[in-house]
Amino acid sequence: MKKLSRSVLQVSLRLVLLLILVIVFAYLLLSWSPLDPINAYLGGNVFAVSEAQKSLLESQLALDQGVGQRLLHWLGGLMQGDLGYSSLYQQPVSSVIAERLPISLLLIALSWICSLVFGYLLGLTAAVYRGGWLDRIIQKFAWLMVCMPSFWLAMLLISLFSIALSLTPVCCAAPIGMTFTEQSLASMLQHLLLPVVTLTAVSMAPIMLHTREKVIDVLQSDYVQYSLAHGDGLSKVVLFHVIRNSLLPAIILQFATVAELFGGSLIAESVFSFPGVGASIVKAGLASDMGLLMGCTLISALLVFGGNLIASLLSRRFMLEAKDA
């Protein structure tokens, strides 16, 4: 128990240090962007204002201060729970994130669960029927998904199911004129279907390939061979031995790949016009909205680090239990 507590403290401190470094480097990189924040704020119509008005805007946006001063000012506001003001949406960054984060979390959570379940089941099936036609098809599908860009798959699904077959909406999280929560459950599922399928397909390949190799190792172990030699059927061996020894590593890997899933959600939200955090990051980047970019960067870093923290803790506990056994 002491070893596990020490591991929790070490991993937490390491992730906090990494989070601080991410915030600092992200702010510096955004400050050194070649895009002109004033021009972006005015919608490219910078010559329509006088020099006095431009200077006033620079003062209001704190662009007349040095990078270090702006960073310290932003960190000071962060300590007080203030994420700043979004020049793009003309409202506090916390309000923008609070409005859009639930949709992103729902999309990521559904994709996370689906990719884990289907990826594990397909990997398990491929290992059980190792060398057969089913194994070869599953492996080829996994490698195809590894190589396929998520935005290209999203456009293919839109072309097929939304345009050609007219089975799903072309875009957006809700019908025009309605918010996400105002629509019916059937309409929600209809709008979520293609984004979830896209993220699930491109993120479950590592689970499939990892589970296949892990299950093969378990099937070749001495205790499984002993169980089979004493007349236990394959279904019983899979249920009582294989799943027990291969499911936890798949869950650990899934938590460790939250970063890839979040990166895929950025693209999926942009392609499907979902009003989530991912789409807000893209819009804020194009508009040089420093406040919103930093707020979204902080939230995304917390999500990724949270997934990595859970994966590290589960992995350390798994190794400690294996060592004690």
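Quick caveat: nothing in here was measured; it's all calculated off a predicted structure.

K.L.:
How should the overall build of the protein be read in this particular structure?
P.N.:
The helix and strand inventory of the protein stands at 14 helices and two strands. Here the protein holds 325 residues, and the buried ones make up 38% of them. Long-range contacts, defined as pairs at least 24 residues apart, comprise 74% of the intrachain contacts of the protein with a sequence gap of at least 6. Counting every atom, the protein has about 17900 Å² of accessible surface; 68% of that belongs to carbon and sulfur.

K.L.:
I would appreciate a short explanation of the packing of helix α9 (residues 205-219) against helix α11 (residues 234-256) in the present structure.
P.N.:
Packed helices, taken two at a time, are described by their axes: the angle between them and the distance between them. Viewed as axis vectors pointing N to C, α9 and α11 meet at an angle of 150 degrees, and their least axial separation amounts to 9 Å. Between α9 and α11, the angle is such that the two are roughly antiparallel. Note that α9 runs across α11; the crossing there is right-handed. Where α9 abuts α11, its residues Pro206, Ile207, His210, Thr211, Lys214, Val215, Val218 and Leu219 lie against His241, Val242, Asn245, Ser246, Pro249, Ala250, Leu253 and Gln254. Classifying every residue of the contact of α9 with α11 by side-chain character gives nine nonpolar, six polar and one charged.

K.L.:
So what exactly am I meant to see when it comes to helix α7 (residues 150-164) here?
P.N.:
Each α-helix turn comprises 3.6 residues. Residues three or four places apart therefore point the same way. The end-to-end C-alpha distance of α7, which contains 15 residues, comes to 20 Å, matching closely the 21 Å that a straight helix rising 1.5 Å per residue would cover. Bending of α7 peaks at approximately 25 degrees at the position of isoleucine 158. Those residues of α7 lying buried are Ser150, Leu153, Ala154, Leu157, Ile158 and Ser162. Buried residues along α7 sit in contact with α6 (133-147), α8 (185-203) and α12 (258-271). Positive backbone phi, at 55 degrees, marks serine 166, one or two positions downstream of α7.

Calculation notes
- Residue positions within a chain follow its written sequence, with the count starting from 1.
- Only residues with pLDDT of 70 or above have their local features reported here, since the model is predicted, and side-chain atom pairs are shown and tallied only from 80 upward, although totals for entire chains, interfaces and linings are computed over all residues.
- The side-chain numbers reported here are obtained from all heavy atoms of the structure, hydrogens and water having been left aside.
- Helix and strand labels come from DSSP, where a helix needs a run of H or I of at least four residues and a strand needs a run of E of at least two; each type is numbered from the N terminus.
- For each residue, the accessible area found with a 1.4 Å probe, counting protein chains only, is set against the maximum for its type, and the residue is called buried under 20%, exposed over 50%, and partly exposed in between.
- Throughout, a contact is declared for two residues whenever any of their heavy atoms are within 4.5 Å.
- The method behind every accessible area is Shrake-Rupley, applied with a 1.4 Å probe, and residues are considered shielded solely by the protein chains displayed.
- Angles here are taken between N-to-C directions and fall from 0 to 180 degrees, while the axes themselves are lines fitted to C-alpha atoms, restricted in helices to the stretch in contact.
- Orientation labels follow simple angle bins: below 35 degrees gives roughly parallel, above 145 gives roughly antiparallel, 65 to 115 gives roughly perpendicular, and whatever is left gives oblique.
- In a left-handed crossing the near helix is turned counterclockwise from the far helix by less than a right angle, and in a right-handed crossing that turn is clockwise.
- When residues are grouped by polarity, Ala, Val, Leu, Ile, Met, Phe, Trp, Tyr, Cys and Pro land in nonpolar, Asp, Glu, Lys and Arg in charged, and all others, Gly among them, in polar.
- Each helix should span, by expectation, one fewer than its residue count multiplied by 1.5 Å.
- Note that the bend at a residue is defined as the angle between axes fitted to the seven residues ending at it and the seven residues starting at it.

The analysis is restricted to geometry; functional conclusions fall outside its scope.
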